[in-house]
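# Structural overview
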Amino acid sequence: MLEQEFPDIPLIGEEDPSVLAKNPDMRQKVLGLVQAQVDVSEKDMLNAIGRGSGTDTAPYFWTLDPIDGTKGFLRQDQYAVALALIKDGELQLGVLGCPNLSLDFDHPEQGNGALLYAVKGEGAFLQPLKDGEAVRIKVDTDPGNARFVESVESAHSAHSVHTKISDALNIGGDPLRIDSQCKYAVVARGDVAIYLRYPRDDQYREKIWDHAAGAIIVQEAGGTVSDIFGTPLNFGLGQTLKDNKGIVVTNGIFHNQTIETIERIQKGDL
């Protein structure tokens, strides 16, 4: 659909068709699931998946993660469909589909399923996937409500470092642990104040499709997003955030304090 509407804008995504090309049984199963939703041939399906394995970043490009949070998806828990548009390394718009995200943690009777979206300079919005109007969302600016959100999988970040930062910032309470870019969603709508991905080694760099959509939604909701040194994220260098190490996402109020605390940890002062 993106290619039909915007044929001149390339796509960078996580998926490629190589596994399907080598596995006829899996290919037919996937084709059947796709054809239940849209009228597409096997060739067109493979071409569409292959289109996302490009690296073209100029001047505009899309980045897409069709299932962000695979383990959460398999557990029938939190996952997201994440799409963003980037120009010259800067985010222009982002959309997050979060089918299992509670619309209100304090009122579960409201149900699950949220669509979050933002356009640069126009704010961030949340719309229920089933029924309801879109509403503008904002980060929580009350320091007394501060709380962390982090990955369920400890391999994705360093939970022990998060604990040190929480202690240094006097943030009480257990962290909220959920999968996928739903973590960006809960920061943007004010459920939590801080989301941190502290790298477990010096070599790893984050993939752009894991952060682009969520980042602009948080920023347009009034929050701040950077790497662990406070440097803005550069999405224009290919599939990874090559110039950035780790991710820090906050409501803005705690951002400088979080960066300063990380610096103290790296120096061995904490």
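Residues numbered from 1 in each chain as written. Predicted model: local features only at pLDDT ≥ 70, side-chain atom pairs only at ≥ 80, totals over all residues. Heavy atoms only, no water.

## Things to note about the pairing of strand β10 (residues 194-197)
Every second residue of β10 is oriented toward a common face, with Ile-194 and Leu-196 on one face and Tyr-195 and Arg-197 on the other, all of them buried. Two strands pair when backbone bridges link them, and β10 and strand β12 (residues 247-250) are joined in this way by four bridges, in the antiparallel orientation. Bridge assignment links Ile-194 to a residue of β12, and that residue is Thr-250. (Buried < 20%, exposed > 50% of the residue type's maximum accessible area, 1.4 Å probe, protein only. Helix = DSSP H or I, 4+ residues; strand = E, 2+ residues; numbered from the N terminus. Pairing = 2+ DSSP bridges.)

## A few points about the packing of helix α3 (residues 24-35) against helix α4 (residues 42-51)
Two numbers describe how α3 lies on α4: the axes approach to 10 Å, and their chain directions differ by 95°. On the basis of their axis angle, the class for α3 and α4 is roughly perpendicular. Only Glu-42, Met-45 and Leu-46 of α4 make contact with α3, whose side of the interface consists of Arg-27, Gln-28, Val-30, Leu-31 and Val-34. Residues that form the contact of α3 with α4 fall into these classes: five nonpolar, one polar and two charged. (Axes fitted to C-alpha atoms, helices over the stretch in contact; angles between N-to-C directions. Parallel < 35°, antiparallel > 145°, perpendicular 65-115°, else oblique. Contact = heavy atoms within 4.5 Å. Nonpolar A, V, L, I, M, F, W, Y, C, P; charged D, E, K, R; others polar.)

## Looking at the pattern of salt bridges
Taken as a whole and judged by the stated rule, the model has nine salt bridges. The shortest N-O distance in the salt bridge between Arg-51 and Glu-3 comes to 3.8 Å. Taken as a pair, Arg-51 in helix α4 and Glu-3 in helix α1 (residues 2-5) lie far apart in primary sequence, 48 residues in all. On the basis of relative accessible area, Glu-3 is assigned to the partly exposed category, the value being 46%. (Salt bridge = Lys/Arg side-chain N within 4 Å of Asp/Glu carboxyl O.)

## Thoughts on the sheet that holds strand β4 (residues 90-102)
Backbone hydrogen bonds are what pair the strands of a sheet, in a parallel or an antiparallel way. Here seven strands make up an open sheet; going across it, the order is β1-β2-β3-β4-β5-β6-β7 and the pairing mixed. Both outer strands of the open sheet, β1 (11-13) and β7 (135-136), are each paired with one neighbouring strand and no more. Direction of pairing for strand β3 (residues 80-87) relative to β4: antiparallel, over a ladder of seven bridges. Across the sheet, the residue bridging to Leu-85 is Leu-93, located in β4. Each of β2 (60-68), β3, β4, β5 (112-119) and β6 (124-128) is contacted by helix α8 (residues 212-220), which is oriented at about 95° to β4, the strand it contacts most.

## With respect to the nonpolar core
Core analysis: the biggest nonpolar cluster contains 44 residues, and Leu-96, Leu-116, Ile-217 and Phe-235 have the highest contact counts within it. Of all the secondary structure elements, the ones that give two or more residues to this core are β3, β4, β5, β6, α7 (182-188), α8 and β12. Beyond its immediate stretch of four places on either side in the chain, Leu-96 contacts Ala-80, Val-81, Ala-82, Ala-114, Leu-115, Leu-116, Gln-181, Tyr-184, Ala-213, Gly-214 and Ile-217. If you look at the next biggest cluster of nonpolar residues, it comprises 16 residues, including Ala-146, Val-161, Leu-196 and Tyr-198. (Core = buried A, V, L, I, M, F, W, Y, C linked by side-chain atoms within 4.5 Å.)

## A look at the packing of aromatic side chains
Applying the stated criterion to the full structure yields four aromatic pairs. Residue placement shows Arg-189 over the ring face of Phe-105; its charged tip is 5.1 Å from the ring centre. (Phe/Tyr/Trp six-rings, centres within 6.5 Å; stacked < 30°, edge-to-face > 60°. Lys NZ or Arg CZ within 6 Å of the ring centre and 35° of its normal.)

## So, the environment of Thr-224
Along the chain, Thr-224 falls in strand β11 (residues 224-226). Through-space distance from the C-alpha of Thr-224 to that of Val-139 is 9.8 Å; in sequence the pair is 85 residues apart. Sequence-distant contacts of Thr-224, that is, excluding residues within four places in its chain, are made with Val-218, Val-248, Val-249, Thr-250, Gly-252 and His-255.

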